[in-house]
Amino acid sequence: MMRATLCALSLALSAGTLSAQTDIASLRSAAEAGDAEAAFDYGYELTFPETGTPDFDTGRYWLTRAADADLAHANYMLGQIYLDGIGTEADPDRARAFFELAWQAGDPAAGYALAELLLYDYDGERDAAFIILEALADDPGFGALARLAQADALFFGSEADADAVRAVELAETALALDTYLTDAHYLLGIAAMEGLGRETDPDAALDHWRLGSEAGDTLAMLALADALLDGIAGDADPVEARAWYSVAAAFGDAEAAGSLETL
């Protein structure tokens, strides 16, 4: 649920490391002279140019040169490239290796990306992911995200691993730390509706799902529309329910499109 958002955030964070020097020829000269930061900047510019066609192979070469010089953010960026298959075939194992190198060097963005990868792409790695997320819990940039990632894993994990009370605590803390983490509303709405880790409160559930829906979370839109259609917190409201199904369908949600057809 959060990976696409986090990928965009991660790329933005890495882009912030670019120096003021934007002349490609100068960057190349400095990179060829052995300047590791210039190698990173040059590789990044080739891979993600503001204009023109990317040169993925050459860009990846220079990012690798920067990573070989132990630049944590270069290892992190290579991890993102292999995770998402940017200009190359996606390779989660290589992505994991680069993220691990960057995390070992203290890069919090890499730590978060590695934890997400371990949670969702590898079986039996939840404990290792949680160790990383707990280490990030007080990080000013990734602490709230780390808490929400733990909450999702605890709340939506297998029955044996589920811990609704802890998940709700983490989600509420994450949302208090960063009100833009609107994905938390979907989880908290379910918890309020079903009385998981808190008292049953259908009105609070609707409030959470409405906030998530207004922020663009299609899962919250579906939950809100279903609740409105069933009238679980009062009179049924098929008109508003249809409106939220329509918005979610416009975002490409197949389940919402199917619900529209049955109305």
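Reference entry: report on the structure contained in this document. (Residues numbered from 1 in each chain as written. Predicted model: local features only at pLDDT ≥ 70, side-chain atom pairs only at ≥ 80, totals over all residues. Heavy atoms only, no water.)

## A few points about helix α6 (residues 92–104)
So, step 1. For α6, which comprises 13 residues, the first-to-last C-alpha distance of 18 Å matches the rise-based estimate of 18 Å (1.5 Å per residue) to within 8%.
So, step 2. Those residues of α6 that sit buried are Ala95, Arg96, Phe98, Phe99 and Ala102.
So, step 3. Structurally, α6 contributes buried residues whose contacts are with α5 (72–84) and α7 (108–121).
So, step 4. Phi turns positive one or two residues past the end of α6, at Gly106, with a value near 95°. (Helix = DSSP H or I, 4+ residues; strand = E, 2+ residues; numbered from the N terminus. Expected span 1.5 Å × (residues − 1). Buried < 20%, exposed > 50% of the residue type's maximum accessible area, 1.4 Å probe, protein only. Contact = heavy atoms within 4.5 Å.)

## Here's the deal with the packing of α7 against helix α8 (residues 126–135)
So, step 1. Look at α7 against α8: their axes get within 8 Å of each other, and the N-to-C directions meet at 160°. By the angle between their directions, the pair α7 and α8 is classed as roughly antiparallel. Judged by the sense of rotation from one axis to the other, the crossing of α7 with α8 is left-handed. Listed contacts from α8 to Gly111, Tyr112, Leu114, Ala115, Leu118 and Leu119 of α7 are Arg126, Ala128, Ala129, Phe130, Ile132 and Leu133.
So, step 2. Of the residues assigned to the contact of α7 with α8, the class counts are 10 nonpolar, 1 polar and 1 charged. (Axes fitted to C-alpha atoms, helices over the stretch in contact; angles between N-to-C directions. Parallel < 35°, antiparallel > 145°, perpendicular 65-115°, else oblique. Left-handed = near helix turned anticlockwise from the far one by under 90°. Nonpolar A, V, L, I, M, F, W, Y, C, P; charged D, E, K, R; others polar.)

## Remarks on the pattern of salt bridges
So, step 1. Tallied over the entire structure, the rule returns 8 salt bridges.
So, step 2. The salt bridge partner of Arg28 is Glu32, with a shortest N-O separation of 2.9 Å. Taken together, the positions of Arg28 and Glu32, both in helix α2 (residues 24–32) and 4 residues apart, correspond to about one turn of that helix.
So, step 3. Judged by relative accessible area, Glu32 falls into the partly exposed class, the value being 47%.
So, step 4. Linked by salt bridges that have partners in common, Arg96, Glu100 and Glu125 make up one network. (Salt bridge = Lys/Arg side-chain N within 4 Å of Asp/Glu carboxyl O.)

## Here's the deal with the packing of helix α14 (residues 238–250) against helix α15 (residues 254–262)
So, step 1. In contact at an axis separation of 7 Å, α14 and α15 are set at 140° when each is read in the N-to-C sense. In this view, α14 runs oblique relative to α15, as classed from their interaxial angle. Of the two elements, α14 crosses α15, and the hand of that crossing is left-handed. Between α14 and α15, the contacting residues are Arg242, Tyr245, Ser246, Ala248 and Ala249 on the first element and Ala256, Ala257, Ser259 and Leu260 on the second.
So, step 2. Tallied by class, the residues present in the contact of α14 with α15 amount to 6 nonpolar, 2 polar and 1 charged.

## Quick look at the layout of surface pockets
So, step 1. As a volume, the second largest pocket reaches approximately 160 Å³.
So, step 2. Contributing to the lining of the second largest pocket are 14 residues, with Leu119, Tyr120, Arg126, Ala153 and Gly157 lying nearest its centre.
So, step 3. Every element with two or more residues in the lining of the second largest pocket is listed here: α7 and α9 (143–155).
So, step 4. Here the lining of the second largest pocket takes 3 residues from α7, the largest share from any one element. (1 Å grid on protein atoms, 1.4 Å probe; cavity = no way out; pocket = protein on both sides within 12 Å on 5 of 7 lines; lining within 4 Å. Points joined across faces, edges and corners; volume = space filled by probe spheres on them.)

## A word on the side chain of Arg147
So, step 1. Among the structural elements, Arg147 can be located in helix α9.
So, step 2. A distance of 3.2 Å separates a polar side-chain atom of Arg147 from the backbone oxygen of Ala137.
So, step 3. Sequence-distant contacts of Arg147, defined by excluding residues within four places in its chain, comprise Ala137, Asp138, Leu170, Thr173, Ala174 and Leu177. (Polar contact = N/O pair within 3.5 Å; in protein donor to acceptor, adjacent residues only side chain to side chain.)

## A few points about the packing of aromatic side chains
So, step 1. Summed over the entire model, instances satisfying the criterion amount to 9 aromatic pairs.
So, step 2. Arranged with centres 4.9 Å apart and planes meeting at 45°, the rings of Tyr44 and Phe48 form a pair that is tilted.
So, step 3. Residue classification places Phe48 among the partly exposed residues on the basis of a relative accessible area of 22%.
So, step 4. With 5.0 Å between their ring centres and 80° between their planes, Phe155 and Phe156 make a pair best called edge-to-face.
So, step 5. Classification of Phe155 by relative accessible area gives buried; the value is 11%. (Phe/Tyr/Trp six-rings, centres within 6.5 Å; stacked < 30°, edge-to-face > 60°.)

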